[in-house]
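This is what each chain is made of:
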Amino acid sequence: MFRNHSTIGSREQEPLAFGNETEEINRKYIKLRYKFLPYLYDMMHKCEENGAPIIRPLLYDYQNDKKTYEINDEFLFGDNILVSPVVEQGSRQKLVYLPEGNNWIDYWTGTEFEGGQYIIKEAPLDICPIFIKSGSLIPAYDIQNDVGEKSLEELELNIYLGSRNSNLSYIHTIDDGETFKYRDGEYNQYTIEIRNTDKIYVSIRANEYMSANFYKNIKLKIYNGNNKEVILNSDISAIYEMI
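A. Here's a closer look at the sheet that holds strand β16 (residues 237–242). The strand order across the open sheet formed by four strands is β9-β10-β14-β16, and the pairing between neighbours is mixed. For this open sheet the edge positions go to β9 (136–140) and β16, each flanked by a neighbour on one side alone. When strand polarity is set aside, the average angle formed by the axes of neighbouring strands in this sheet is 20 degrees. Across seven bridges, strand β10 (residues 154–160) lies against strand β14 (residues 217–223) in parallel orientation. What sits directly across from L157, in β14, is L220.

B. Structural detail: helix α2 (residues 37–50). In this model, α2 (14 residues) spans 20 Å end to end at C-alpha, consistent with the 20 Å of a helix rising 1.5 Å per residue. Every buried residue of α2 is listed here: L37, P38, Y39, L40, D42, M43 and H45. Two residues or fewer after α2 comes G51, characterised by a positive phi angle close to 80 degrees.

C. Structural view of the pattern of salt bridges. Counting across every chain of the model gives 14 salt bridges. Each of K46, R56, D61 and D79 takes part in salt bridges that share partners, so that together they form one network.

D. Region of the structure containing the side chain of K228. With respect to the element layout, K228 can be found in the loop between β14 and β15 (230–234). No salt bridge is formed by the buried K228. Its closest oppositely charged neighbour is D198, at 7.2 Å. A polar contact is formed between the side chain of K228 and the side chain of N196, at a distance of 2.9 Å. Among the polar contacts made by the side chain of K228, one reaches the main-chain carbonyl oxygen of T197 at a distance of 2.6 Å.

Reading the values: the criteria
- Residues numbered from 1 in each chain as written.
- Predicted model: local features only at pLDDT ≥ 70, side-chain atom pairs only at ≥ 80, totals over all residues.
- Heavy atoms only, no water.
- Pairing = 2+ DSSP bridges.
- Helix = DSSP H or I, 4+ residues; strand = E, 2+ residues; numbered from the N terminus.
- Axes fitted to C-alpha atoms, helices over the stretch in contact; angles between N-to-C directions.
- Expected span 1.5 Å × (residues − 1).
- Buried < 20%, exposed > 50% of the residue type's maximum accessible area, 1.4 Å probe, protein only.
- Salt bridge = Lys/Arg side-chain N within 4 Å of Asp/Glu carboxyl O.
- Lys, Arg positive; Asp, Glu negative; His and termini not counted.
- Polar contact = N/O pair within 3.5 Å; in protein donor to acceptor, adjacent residues only side chain to side chain.

Next comes the structure, spelled out in structure tokens:
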């Protein structure tokens, strides 16, 4: 997603070659990619299990929504993230279609929208429209300069509850990151289950088969929790924060 193809004799393609503003925007989204690495890793794990592509057209998950059939300027990034990049030069707004069947939360503002409608998203040069499926979870890491720079001692779980009371579950997997030993069962798996009723019940169960690559702490960030009481039951030390 970050490779800029080039040929011999063409202009320099490094971000810094396009000026400070472009360089900073590139840096912003490279950092976001590193932040989303555990989510990307989980989607890769699912891809190996069932062949589901990481980058997929909207109709892949929303075949009953005919409005998704001809959309070619948006895509789903895994199960829970919708990306609608600006593709017209000079445009600072984007007409975004949000598929029917789910509500969607603006990643940048936290605003929730009903699915099955078009919205106009303000999109200055440094904002790529990104939406999180309501009632989903995005695991994240601290930002790092390269994989392995920091030890993986804390996992951040971003929980997007949305306005509707609902249940959600998510399975996060981590292995040694280098070998195929996970195929022999050498990996850790964390099952997160959430019930959003009059209270928010969070359960985190750990199946740890490796002595390495396990988390000492889990930090939950709960979006649209409406200041409900949180009942937390976790196999690992965990804290939460209402956003």
